[in-house]
Amino acid sequence: QVQLVESGGGLVQPGGSLRLSCAASGSIFDIYRMAWYRQAPGKQRDLVAIITSGTNTNYADSVKGRFTISRDNAKNTVYLQMASLKPEDTAVYYCNARIATIASLAPRDYWGQGTQVTVSS
């Protein structure tokens, strides 16, 4: 069993910053790519940023230059540093990771429960 637990969401003013964290726990054999998605009300869930096990990164055009994804493999944790936040960044942010467990070495995707980010004055 694997769990992804996000933290760090909240209310922030436009132009402000937040850092999201997502820690994976459980019977983990290996973690491959890790990513952040977001879903605004009435919209589909979209990829925000992704980081491979080799720390290559990719970002949605809407967040390039403002958001930074990173990971700490020793802690099985992925971070999303968000700066210059805009009202349109308001959404529920979900952590996603492709993980192989000790019980099954075939990797599969796991999701966190989501954390709300609200950008408003």
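The structure we're discussing is the one just above.
First, a word on scope: everything that follows refers to the structure included in this document. (Residues numbered from 1 in each chain as written. Predicted model: local features only at pLDDT ≥ 70, side-chain atom pairs only at ≥ 80, totals over all residues. Heavy atoms only, no water.)

## Comments concerning unusual backbone geometry
With a phi close to 70 degrees, T55 is a non-glycine residue in the positive phi region. Phi at N76 is positive, roughly 50 degrees, even though this residue is not glycine. Along the chain, N76 falls in the loop between β7 (67-72) and β8 (77-82). Judged by relative accessible area, which is 25%, N76 ranks as partly exposed. (Helix = DSSP H or I, 4+ residues; strand = E, 2+ residues; numbered from the N terminus. Buried < 20%, exposed > 50% of the residue type's maximum accessible area, 1.4 Å probe, protein only.)

## Concerning the packing of aromatic side chains
In this structure the tally under the stated criterion is one aromatic pair. Stacked on the ring of W111, the Lys or Arg R45 has its end atom at 4.8 Å from the ring centre. (Phe/Tyr/Trp six-rings, centres within 6.5 Å; stacked < 30°, edge-to-face > 60°. Lys NZ or Arg CZ within 6 Å of the ring centre and 35° of its normal.)

## Observations concerning the nonpolar core
Counting residues in each nonpolar core, the largest one holds 31 residues, and the members touching the most others are W36, L80, M82, Y93 and I99. At the level of elements, β1 (2-7), β3 (18-26), β4 (28-39), β5 (46-51), β7, β8, β9 (91-101) and β11 (115-119) are the ones that each hand at least two residues to this core. Looking at which element gives the most residues to this core, the answer is β9, with five residues. (Core = buried A, V, L, I, M, F, W, Y, C linked by side-chain atoms within 4.5 Å.)

## Regarding the pairing of β9
Most of β9 sits inside the fold, with nine of its 11 residues counted as buried. Looking at chain direction, β4 and β9 are connected through nine bridges and run antiparallel. Following the sheet pairing, I28 is matched in β9 by T101. Of the pairings in the sheet, the one linking β9 to β11 comprises three bridges and is antiparallel in character. (Pairing = 2+ DSSP bridges.)

## Overview of the sheet that holds β1
Taken in spatial order, the four strands of this open sheet run β1-β3-β8-β7, and their pairing is antiparallel. Whereas interior strands pair on both sides, the edge strands pair on one side only; in this sheet they are β1 and β7. Adjacent strand axes in the sheet meet at a mean angle of 15 degrees when their direction is disregarded. Pairing of β7 with β8 involves six bridges; the strand directions are antiparallel. Bridge assignment links D72 to a residue of β8, and that residue is T77. (Axes fitted to C-alpha atoms, helices over the stretch in contact; angles between N-to-C directions.)

Purely geometric numbers; function is a separate question.
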